[in-house]
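Coordinate analysis (summary)
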Amino acid sequence: MESRSLRYFVAVAEELNFTRAAERLGISVPSLSRAIRKLEADLGVTLFERTTHNVALTPSGTVLLEEARVALDALHAACRRAQRVADPEPKLVLAVKADGDAGLLEPLLARYAAEPGARPVTVRLSGWREQTRLLRAGEADAALVYEPFDRRGLDAERLAVEPRLAALPATHPLAARDHLTLADLALPGVEPGHADGLPGYLDTVVARYAIADLSQLLALVELGEVVTLLPESVTTRYPRPGVVYRRIPDAPPAALSIAWPQQSRSTATAALVRAALAVAPAAEAAA
């Protein structure tokens, strides 16, 4: 099966319209229809239910869509890694969200630089939850990322665990208290005693306000627009007159991991992971 057939299938499956899919692919509708019919014949299954006014995925089509996306992503990533390895001066790319390293970035890089044959490391600053996409796309070799994250196709080792603190405007009624509970904060979707909804709440805040970096988030907190939770290492580095940080004993801790592609056979990436584990508080605690 050619990757082109999968690309054509994914376009139709996502658009559920042959005309829009053909425009997206830059081919004619008849050519696309023939390609899909051939794919169905090769597989021996029906991928789409077609009527005059509607296109819908069959159960077989739904399964193939999920797997085809993974396959195409893996192919793109393999090509990208091959191009990067061919660079006359190959580098390791470490994806990190700005201020999302629990204070480990500098000691990690220093430890790795002392490794025999260490490569230069490029730190790629990424957006909210972007690190895993960069790994799967072959654009980064490793990433520092807070849990939970999408682990598909990735290996990971935990590096640090730290408390989360509430970030409140200094004028907030709860700001006068030394510590709070999740019930006090009444965050939408986060039930007291069940913090499973916390990642979803944080994702919602970031999406609703199109937050690109920590300074924007803290500005919104200072204005009283949002209340959020941050890893303790972030709060110590970013004091702000209009923001107060309060302990939340029943909040889940923030756990930082280093992640890398499962299929990686790079000795340089392995050395970077070893360096991260060597400087990690979690590793020291387990020793």
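Look above for the structure.
Attention in this report is confined to the structure presented alongside it. The model shown is predicted, which means the values in this text are computed figures rather than measured ones. (Residues numbered from 1 in each chain as written. Predicted model: local features only at pLDDT ≥ 70, side-chain atom pairs only at ≥ 80, totals over all residues. Heavy atoms only, no water.)

**Considering the overall build of the chain**
Rules: Labels follow the DSSP assignment, with helices taken as runs of H or I lasting at least four residues and strands as runs of E lasting at least two, numbered in each case from the N terminus. Note on exposure labels: buried denotes an accessible area under 20% of the residue type's maximum, exposed denotes more than 50%, and partly exposed covers the range between, all computed with a 1.4 Å probe on protein chains only. Contact between two residues is taken to exist if any of their heavy atoms lie within 4.5 Å; hydrogens are not considered. In short, Shrake-Rupley with a 1.4 Å probe defines the accessible areas, and a residue's cover is counted only from the protein chains shown. Neither His nor the chain termini are counted; the positive set is Lys and Arg, and the negative set is Asp and Glu. To locate a charge, take NZ of a lysine, CZ of an arginine, CG of an aspartate or CD of a glutamate.
For the chain, the helix and strand inventory stands at 12 helices and 10 strands. C-alpha extents for the chain along the principal axes are approximately 70 × 50 × 30 Å. Looking at the 287 residues of the chain, the share that counts as buried comes to 41%. Pairs at least 24 residues apart make up 68% of the contacts formed inside the chain by residues separated by at least 6 positions. As presented, the chain carries roughly 15,200 Å² of accessible surface, and 54% of it is formed by carbon and sulfur atoms. Once the 32 positive and 35 negative side-chain charges of the chain are each reduced to a mean point, those two points are 5 Å apart.

**Concerning helix α8 (residues 198–209)**
Going by this rule: Multiplying one less than the number of residues by 1.5 Å gives the expected span of a helix. The arc in question is traced by the directions running from the helix axis to the C-beta atoms.
Its 12 residues give α8 an end-to-end C-alpha distance of 17 Å, which sits within 8% of 16 Å, the value for a rise of 1.5 Å per residue. Those residues of α8 not exposed but buried are L198, Y201, L202, V205 and V206. End-on view of α8: buried residues confined to an arc of 135 degrees, all on one side of the axis. Facing away from the buried side of α8 by more than 90 degrees, the exposed set consists of A207 and R208. Contacts made by the buried residues of α8 are with β7 (164–169), α9 (214–222) and β8 (228–231). Looking one or two places after α8, you find A210, whose phi comes out positive at around 50 degrees.

**What to know about the pairing of strand β3 (residues 92–97)**
Put simply, the rule is: For a crossover, the right-handed case is the one in which the path from the first strand over the helix to the second runs clockwise, viewed with the strands pointing away from the viewer. At least two bridges found by DSSP between two strands are what make those strands a pair.
Of all six residues that make up β3, six are buried, and the element is covered over most of its length. Of the two faces of β3, the one carrying L92, L94 and V96 and the one carrying V93, A95 and K97 are both buried. The handedness of the β3 to strand β4 (residues 121–126) crossover, carried by helix α5 (residues 105–113), is right-handed. Alignment of β3 against strand β5 (residues 142–146), held across three bridges, turns out to be parallel. Across the sheet, residue A95 finds its bridge partner in β5, namely A143.

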